[in-house]
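These are the residues of each chain, in order.
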Amino acid sequence: MTRLVGTELRRFFARRTVRGLLAFALGLVAFINVVQFARAGTTPATAPQSVTFSNPGSEPVSPFVTSEPQDRRPKVGGTFEGTIRGVNMALVVLAFVAGATLLAADYGASLGTQLIFEPRRVRLFAAKWLAAGIGAALLTLAVLTAAGAAQWVISAARGSTAGVDAAWLGHRAVDELRGAGACALAAMLALAVSAFTRRTVGTVAALFGALIAVRFLLAVSWGRTVVRLSPTNALWGVAYGRFESKNVDFFGGLHTMAGAWFLTLVWAAATLVAGAWWFTRQEIR
Amino acid sequence: MGAAITVEGLRKEYSSRHGKVVALGGLDLTVPVGGVFGFLGANGAGKTTAIRAIVGHLRPSGGTVSVLDHEVPGQLAKVIDRVGALVEQPAFFPSFTGERNLELLARSRGFPLRRVDEVLHTVNLSERADSRFSTYSLGMRQRLGVAAVLLKDPELLILDEPANGLDPPGILEMRTLLRRLGAEGRTVFVSSHILSEVEQTADRLGIIAHGRAVATGTVREFLAGGVSRVRVRVAGGADATDAARQVLQAAGYPSTSAPDAHDDPDGALVVELAIERADEVTRALAQHDLWVRELSPIERTLEDAFLAATAEPEAGGQ
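Undergrad: Let's hear about the side chain of S155 of chain A: which residues, and what values?
TA: Residue and element names in this part refer to chain A. Positionally, S155 belongs in helix α5 (residues 121-158). Here S155 falls in the buried class, since its relative accessible area comes to 1%. Beyond its immediate stretch of four places on either side in the chain, S155 contacts P74, K75, V76, S160 and T161.

Undergrad: Please set out the sheet that holds strand β12 (residues 255-257) of chain B residue by residue, giving values where relevant.
TA: Residues and elements named next belong to chain B. In space, the 4 strands of this open sheet follow the order β12-β13-β11-β14, with antiparallel pairing throughout. Whereas interior strands pair on both sides, the edge strands pair on one side only; in this sheet they are β12 and β14 (292-298). On average, adjacent strands in this sheet sit at an angle of 25° to one another, irrespective of strand direction. Contacts from helix α10 (residues 278-286) reach β11 (229-234) and β14, with the element oriented near 155° to β14.

Undergrad: For the sheet that holds strand β9 (residues 204-209) of chain B, give the residues involved together with the corresponding values.
TA: Residue and element names in this part refer to chain B. What the 6 strands build is an open sheet, ordered β6-β7-β8-β3-β9-β10; its pairing is mixed. Each edge of the open sheet carries a strand with a single partner, namely β6 (83-86) and β10 (212-218). This sheet shows a mean twist of 15° between the axes of neighbouring strands, independent of strand direction. Pairing between β6 and strand β7 (residues 156-160): 4 bridges, direction parallel. Residue pairing for β7: V83 is matched across the bridge by L156. Contacts from helix α1 (residues 47-54) reach β3 (35-41), β7, β8 (187-192) and β9 within the one sheet, and its direction differs from that of β8 by about 145°. Along the sheet face, helix α6 (residues 168-183) touches β3, β7 and β8 and points at about 145° away from the line of β8.

Undergrad: For the nonpolar core, give the residues involved together with the corresponding values.
TA: Grouped together as the largest cluster of nonpolar side chains are 80 residues, with contacts concentrated most on I5, L102, I158 and F189 of chain B. It is helix α5 (residues 138-150) of chain B that contributes the most residues to this core, 7 residues altogether. Excluding residues within four positions of it along the chain, I158 of chain B makes contact with I5, I51, I54, V55, V83, G84, A85, L86 and F189 of chain B. One finds A95, L111, L115 and C183 of chain A within the second-largest nonpolar core, a separate group that totals 59 residues.

Undergrad: Account for unusual backbone geometry, naming residues and giving values.
TA: Residues and elements named next belong to chain B. P73 follows V72 through a cis peptide bond whose omega is 5°. With respect to the secondary-structure elements, P73 resides in the loop between β5 (70-72) and α2 (76-79). Not every positive phi belongs to a glycine, and L68 is a case in point at roughly 50°. For L68, the location among the structural elements is in the loop between β4 (62-67) and β5. Of note in this structure, N124 is not a glycine but carries a positive phi near 60°.

Undergrad: So, the packing of aromatic side chains: which residues are in play, and what are the values?
TA: For the structure shown, the criterion picks out 11 aromatic pairs over all chains. Pairing W277 of chain A with W278 of chain A gives two aromatic rings, centres 5.9 Å apart and planes at 40°, and the pair type is tilted. A residue is classified by how much of its surface remains accessible, and W277 of chain A, at 48% relative accessible area, is partly exposed. Residue W278 of chain A is classed as partly exposed on the basis of its relative accessible area of 34%. Centre to centre, the rings of F37 of chain B and F189 of chain B are 5.7 Å apart; their planes meet at 20°, and the pair counts as stacked.

Undergrad: Pulling in residues and values, what's your account of the interface of chain B and chain A?
TA: At the junction of the two partners, chain B supplies 34 residues and chain A supplies 27 residues. Both sides of the chain B and chain A interface together cover about 2800 Å² of buried area, and 56% of this is carbon and sulfur. Area buried by chain B at its contact with chain A is led by H57, R59 and F93 of chain B, which between them contribute 22% of it. Linking E118 of chain A and R109 of chain B is a salt bridge whose minimum nitrogen-to-oxygen distance equals 3.0 Å. Among the secondary structure elements, those contributing two or more residues to the side of chain B that touches chain A are β1 (5-16), α2, β6 and α3 (98-109) of chain B. If you tally residues by element for the side of chain B that touches chain A, the top one is α3 of chain B, at 7 residues. The residue inventory of the side of chain B that touches chain A, partitioned by class, reads 19 nonpolar, 5 polar and 10 charged.

Undergrad: Quick rundown of a nonpolar patch on the surface? Include the residues and the values.
TA: Residue and element names in this part refer to chain A. Judged by side-chain polarity, F24, L28, F31, I32 and V35 come together as a nonpolar surface patch covering roughly 470 Å² of accessible area. Looking at the secondary structure, you find F31 in helix α2 (residues 16-39). F31 sits in the exposed class, given a relative accessible area of 55%.

Undergrad: How would you explain the confidence of the model for chain B if you had to name every residue and give the values?
TA: Residue and element names in this part refer to chain B. Of all residues in chain B, 94% have pLDDT values of 70 or greater, and the mean over the chain is 84. When pLDDT is averaged over each helix and strand of chain B, the minimum, 76, is found for helix α8 (residues 219-224) and the maximum, 92, for β7. Taken as a whole, residues 313-318 scores under 50 in pLDDT and shows 10 contacts with residues more than four places along the chain or in a different chain.

Undergrad: Go over the environment of L104 of chain B with me, naming the residues and quoting the values.
TA: Checked against the element boundaries, L104 of chain B lands in helix α3. Beyond its immediate stretch of four places on either side in the chain, L104 of chain B contacts T7, R10 and R11 of chain A together with F96 of chain B.

Undergrad: I'd like a rundown of the packing of helix α1 (residues 2-14) of chain A against helix α3 (residues 76-107) of chain A, residues and numbers included.
TA: Axis angle and axis distance: for two packed helices, these are the angle between their axes and the distance between the axes, and together they describe the pair. Residues and elements named next belong to chain A. Put simply, α1 and α3 touch, their axes get as near as 10 Å, and they point 105° apart. The angle between α1 and α3 places the two elements in the roughly perpendicular class. Where α1 abuts α3, its residues E8, R11 and F12 lie against A98, L102 and D106. Within the contact of α1 with α3, the residues separate by chemical class into 3 nonpolar, no polar and 3 charged.

Undergrad: Outline the pairing of β1 of chain B, listing residues and values.
TA: Within a regular strand, side chains alternate between the sheet's two faces. Residue and element names in this part refer to chain B. Inspection of the sheet shows β1 paired to β4 by 5 bridges, in the antiparallel sense. Looking across to β4, one finds that V7 is bridged to V65. Connecting β1 to the antiparallel partner strand β2 (residues 19-31) that follows it, the hairpin turn spans 2 residues.

Reading guide: rules and limits
Residues numbered from 1 in each chain as written. Chains lettered and ligands numbered in written order. Predicted model: local features only at pLDDT ≥ 70, side-chain atom pairs only at ≥ 80, totals over all residues. Heavy atoms only, no water. Helix = DSSP H or I, 4+ residues; strand = E, 2+ residues; numbered from the N terminus. Buried < 20%, exposed > 50% of the residue type's maximum accessible area, 1.4 Å probe, protein only. Contact = heavy atoms within 4.5 Å. Pairing = 2+ DSSP bridges. Axes fitted to C-alpha atoms, helices over the stretch in contact; angles between N-to-C directions. Core = buried A, V, L, I, M, F, W, Y, C linked by side-chain atoms within 4.5 Å. Phe/Tyr/Trp six-rings, centres within 6.5 Å; stacked < 30°, edge-to-face > 60°. Buried area = accessible area lost by both parts, 1.4 Å probe. Salt bridge = Lys/Arg side-chain N within 4 Å of Asp/Glu carboxyl O. Nonpolar A, V, L, I, M, F, W, Y, C, P; charged D, E, K, R; others polar. Patch = residues over 30% accessible without salt bridge, like charges linked within 9 Å, V, L, I, M, F, W, Y side chains within 5 Å. Areas by Shrake-Rupley, 256 points an atom, 1.4 Å probe, with all protein chains shown as cover. pLDDT = per-residue confidence, 0-100. Parallel < 35°, antiparallel > 145°, perpendicular 65-115°, else oblique.

What follows is the structure, encoded as structure tokens:
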């Protein structure tokens, strides 16, 4: 089994889609940090600006401030926790694609040949499922680590690294591992769903549909229960790491990290069983 | 050990908008161990469906399949390292190189990676090993498919139309390779609809039509079987030929015009008769002053045997 998982992991990282997603994520991290580096001032704050409007023949309107004083200096110690939340959410979406492609792309390519070498379908499916999870987790850790390193470099050069100590590193490591776990489960979920859709696009569309449906379900009375139990919502909660929102109850009453983890794992296990069962019954061309 | 492949009462039905489609209607087939077994059938006869059932890619509606004395699909995993198969079109990941595709397959079963180079060399694909599969021609894809089959160094090779897309030198190489593998004691099960190719490669044949086996036997048995015929030409032109036809008809030897004598103004006749009894024809004609100028046996081709077998599928096995 270890050999099979290793092979599938190699197959995962050899995919152009996966490499493209990694390049895209790292490119985005680099771009954001370059922009932040370029915009960062050496002074702690920009001066407030005020504008006065007046209409001809009337009294001047009182001046008002158009922008609050902003400190544009990068400070990794204070901002990276939020960066991880944002990046995690984006990486979960990319993990959907990466997980789905590992199996879905095989349907139109080499699955028939793979089954000549490993006819035990449950075993092959499980190996792909594990490889998708491990691969997505490794990709997430690579991107988050690159983002952290880039933030630290520009903070050291143009801002401040205050607050970065062993405790901070420990907390951020936990945040990154949480993100890696969320992305692993997202990829596993997508791979299991792709056993039914047989298409990467179909799988991603189904999962995005579920995400969008959450918004509408929250508007109806019974919708909150559905949302609370939905896999994508729980996954979103794990990736984001907080369960409060100012404007919308996005998590539908899901209050704790433990609850989100539990729900996500239950869904991952359920889809694994369902996907493997369906995979064993399929006719492969 | 018993047979390399045993298929009994194999059925496969599909539901479609037009009702039930029977792809296999109770196929019985036994492939003995060793040598090359040709699996012949017209397009749509059920060859690929049968092969897909043999390698466990589809769920039969009924019947049983066993490979190297192990039931498919339940026990297939126990013998899979002894079986290589190329089903329909070679199935590889298009954006990986040929070598990468084989390497991943080898790794999945723990085969030494040097086997990849060896089999690529065997199928003459070493020079393009680093090219993406998507850039391969049909013939090169076919070669890579055969390379994947050889990767396991299998006892049983199942090849679905392996010459498909190959150029004449490629076909010759494939024929030589299959013969060599069969001569080494391996069992090569090769499906095809190209009769001449199978005739030159196979030791034994199985013919499938409408999802059922209609004939099996050695190639020699197929060529020797059926009705023997002789080709007769008489001196004296077209009138003499017509007269000869009437004489033979009266003597109990019905004849037809030889199809290969269109350009011959005198014509020729084909008589259903074993060459050993040719003297009966010459005597009957001579008694009417018709003199034989040519009398030769017409050898039965595999095409004759195939057409005869598939024309009446209800007639059963040979």
